Amino acid sequence: MKPIEYAECRRVLERGDQLCADVEVRVKGRDNQLVVLFAESQDNDYEMVMVLQKDADRDIDWYDNDLHAAYVDVTEKLFADEAGETHWNPGEAFKEQVLSFGNVREQIRQKLEEARLQKV
């Protein structure tokens, strides 16, 4: 995986019964942004739930455009080898790279805490 140029926690959303932090990520050499969803894990850190490729442009997709999928799950494709097998190490390295970028880990902690307080 190429270096990350930008990462920022945008919001928290609920997937099923789990709160997930939505982190926008721009990777050097990629045209489309990625959206990485993180949830709290048992080891007091965050697990990477899913990686989505963002195929939406706010200038032209400000309305409900059903002509394309604005967010496509690329989790397995992103970390698979030529044989199509997904490996743990590249995914873990990417996760740590995102969480370590700037203050993303702290942004996630703050936004998840705010979301929990609003649910009560």
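Conventions adopted
- Residues numbered from 1 in each chain as written.
- Predicted model: local features only at pLDDT ≥ 70, side-chain atom pairs only at ≥ 80, totals over all residues.
- Heavy atoms only, no water.
- Buried < 20%, exposed > 50% of the residue type's maximum accessible area, 1.4 Å probe, protein only.
- Helix = DSSP H or I, 4+ residues; strand = E, 2+ residues; numbered from the N terminus.
- Pairing = 2+ DSSP bridges.
- Salt bridge = Lys/Arg side-chain N within 4 Å of Asp/Glu carboxyl O.

Draft legend 1. Examining the pairing of strand β4 (residues 46–54) more closely. Buried residues dominate β4, accounting for 7 of its 9 residues. Pairing geometry for strand β3 (residues 33–40) and β4, over 8 bridges, is antiparallel. Pairing of V36 across the sheet is with V51, part of β4. Connecting the antiparallel pair β3 and β4 is a turn made up of 5 residues, with N44 showing a positive phi of about 60 degrees. Where β4 and strand β5 (residues 71–73) come together, 3 bridges link them in antiparallel fashion.

Draft legend 2. Local environment of the pattern of salt bridges. Throughout the structure, instances matching the rule amount to 11 salt bridges. Across the pair E5 and R26 runs a salt bridge, and its minimum N-O distance is 3.8 Å. Taken as a pair, E5 in strand β1 (residues 4–15) and R26 in strand β2 (residues 18–27) lie far apart in primary sequence, 21 residues in all. The exposure class of E5 is partly exposed, given its relative accessible area of 44%. Two residues, K95 and E92, come together in a salt bridge whose shortest N-O distance is 3.6 Å. Residue K95 and its partner E92 are located together in helix α2 (residues 88–100), separated by 3 residues, close to a single helical turn. A network of salt bridges, in which partner residues are shared, links E8, R10, E24 and K54.

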